[in-house]
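# Reading the structure
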Amino acid sequence: MIPPAESLLKYDNPVSITKSTDGKSRKGRPLRVNPQQPADSSPIPPPPKPKSPSAEASKQENEDILNTILPPRTWTEDDQLWVQQVSSAPCTRADVIHLEEMLDMKLQQRQARVTGICPVRRELYSQCFDELIRQVTINCAERGLLLLRVRDEIQMTIAAYQTLYESSVAFGMRKALQAEQGKADMEKKISDLENEIQELNKELNEQRARCDATEKREKEKRQVEEKKHAEEIQFLKRTNQQLKTQLEGIIMPKK
């Protein structure tokens, strides 16, 4: 397993966890070399005063709370388990200034976006906030627990927004696919209607041509009948005139 990357959160030196012969695990401790005392050294100073049990218990309680808030990170390297706990060393003003400088430097190195959604910027600011929680917890555990609640609430809000964003993107994709499918159906329907219009126009033109031919034929037929009727009238008029003339010729000699 690859060791964890460098973080803005301050950790102690990693400790190797080895397995003993009885199956129990124990922490490997770094070797301590005591410098030799020179022959002409000054008198040995008195040992430091032992701390009160209440102070030790309070420190241990703060460390337990710190490890609960910020759990140690573990990894395996060369078949050895390494554990790295969060540092419990108190911080100073210089540490806070150094943290700010490191945050700005990492933002620039990793080319984090200044605005908009940026996972890199979010990760670095999350590490910075965890470091601030660590610094505050060392001095006041209750304040650190309150900051932990604030951090968890922010993370839950961001997770809710992320879920809402993902669901909205999925909803938008579904709507887009439905729109594409509806567009294809509508285009097919339009094509069918256009073909139907062409067929109807073709039928309309055929009916118009048939109607024009019928009108022309009927017109010619009417003209022929009118001409024939006129000729018959003229014939009847001539016949009538002739009969009238004959009748007058018959009547006149009798007088």
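Residues numbered from 1 in each chain as written. Predicted model: local features only at pLDDT ≥ 70, side-chain atom pairs only at ≥ 80, totals over all residues. Heavy atoms only, no water.

## Let's talk about the overall build of the protein chain
On a plain count of helices and strands, the protein chain comes out with four helices and four strands. The secondary structure elements of the protein chain, listed N-terminal to C-terminal, are β-β-α-β-β-α-α-α. Taking all 255 residues of the protein chain together, the buried fraction comes to 14%. A separation threshold of at least 6 residues defines the contact pool for the protein chain, and within that pool the share at least 24 residues apart is 62%. Per element, the accessible surface of the protein chain, about 21600 Å² overall, is 56% carbon and sulfur. (Helix = DSSP H or I, 4+ residues; strand = E, 2+ residues; numbered from the N terminus. Buried < 20%, exposed > 50% of the residue type's maximum accessible area, 1.4 Å probe, protein only. Contact = heavy atoms within 4.5 Å. Areas by Shrake-Rupley, 256 points an atom, 1.4 Å probe, with all protein chains shown as cover.)

## Here we look at the nonpolar core
If you look at the biggest cluster of nonpolar residues, it comprises eleven residues: L9, Y11, I65, L66, I69, L70, V86, I133, I138, A141 and L148. Every element with two or more residues in this core is listed here: α1 (53-69), α3 (119-139) and α4 (141-254). In terms of residues, this core owes the most to one element, α1, which gives three residues. Not counting chain neighbours up to four residues away, the residues in contact with Y11 comprise R73, Q84, Q85, V86 and S87. Core analysis: the next-biggest nonpolar cluster, separate from the first, contains nine residues, L99, M102, L124 and C128 among them. (Core = buried A, V, L, I, M, F, W, Y, C linked by side-chain atoms within 4.5 Å.)

## What about the packing of aromatic side chains?
Across all of its chains, the model carries zero aromatic pairs by this definition. Sitting above the plane of the Y11 ring, R73 keeps its charged end 4.0 Å from the centroid. (Phe/Tyr/Trp six-rings, centres within 6.5 Å; stacked < 30°, edge-to-face > 60°. Lys NZ or Arg CZ within 6 Å of the ring centre and 35° of its normal.)

## Comments concerning a nonpolar patch on the surface
Taken together, the side chains of V150, I154 and I158 present a nonpolar region at the surface, about 210 Å² in accessible area. The topology assignment puts I154 in helix α4. Classification of I154 as partly exposed rests on a relative accessible area of 42%. (Patch = residues over 30% accessible without salt bridge, like charges linked within 9 Å, V, L, I, M, F, W, Y side chains within 5 Å. Salt bridge = Lys/Arg side-chain N within 4 Å of Asp/Glu carboxyl O.)

## Details of the pairing of strand β3 (residues 73-77)
Direction of pairing for β3 relative to strand β4 (residues 80-84): antiparallel, over a ladder of five bridges. Bridge pairing links W75 to W82 in β4. With antiparallel pairing between neighbouring strands as the criterion, β3 and β4 make up a hairpin whose turn holds two residues, including D78 at a positive phi of roughly 55°. (Pairing = 2+ DSSP bridges.)

## Structural notes on the confidence of the model for the protein chain
Fine structural detail should not be taken from predicted coordinates in areas where pLDDT scores are low. Per-residue confidence for the protein chain gives a mean pLDDT of 81; residues scoring 70 or more make up 82%. For residues 20-45, every residue scores under 50 in pLDDT, and the model assigns this stretch 15 contacts once sequence neighbours within four places are set aside. (pLDDT = per-residue confidence, 0-100.)

## Quick look at the pattern of salt bridges
What the rule picks out here adds up to five salt bridges. When the shortest N-O distance is used, the salt bridge between E131 and R134 registers 2.8 Å. Residue E131 and its partner R134 are located together in helix α3, separated by three residues, close to a single helical turn. Taken individually, E131 and R134 each receive the classification buried, so the pair is uniform in this respect. Between R151 and D152 there is a salt bridge whose closest N-O contact spans 3.5 Å. Using a relative accessible area of 14% as the deciding quantity, one classes R151 as buried. Among the charged side chains, a network of salt bridges with common partners joins D130, R151 and D152.

## Details of the environment of Q155
With respect to the element layout, Q155 can be found in helix α4. Looking at Q155, the relative accessible area reads 36%, which means it is partly exposed. Measuring from C-alpha to C-alpha, the distance between Q155 and S126 comes to 9.4 Å, with 29 residues separating the pair along the chain.

## Observations concerning the side chain of Q84
Turning to its location among the elements, Q84 is positioned in strand β4. A polar contact is formed between the side chain of Q84 and the backbone oxygen of D12, at a distance of 2.8 Å. When sequence neighbours within four positions are dropped, the list of residues in contact with Q84 reads Y11, D12, N13, P14, P72, R73 and W75. (Polar contact = N/O pair within 3.5 Å; in protein donor to acceptor, adjacent residues only side chain to side chain.)

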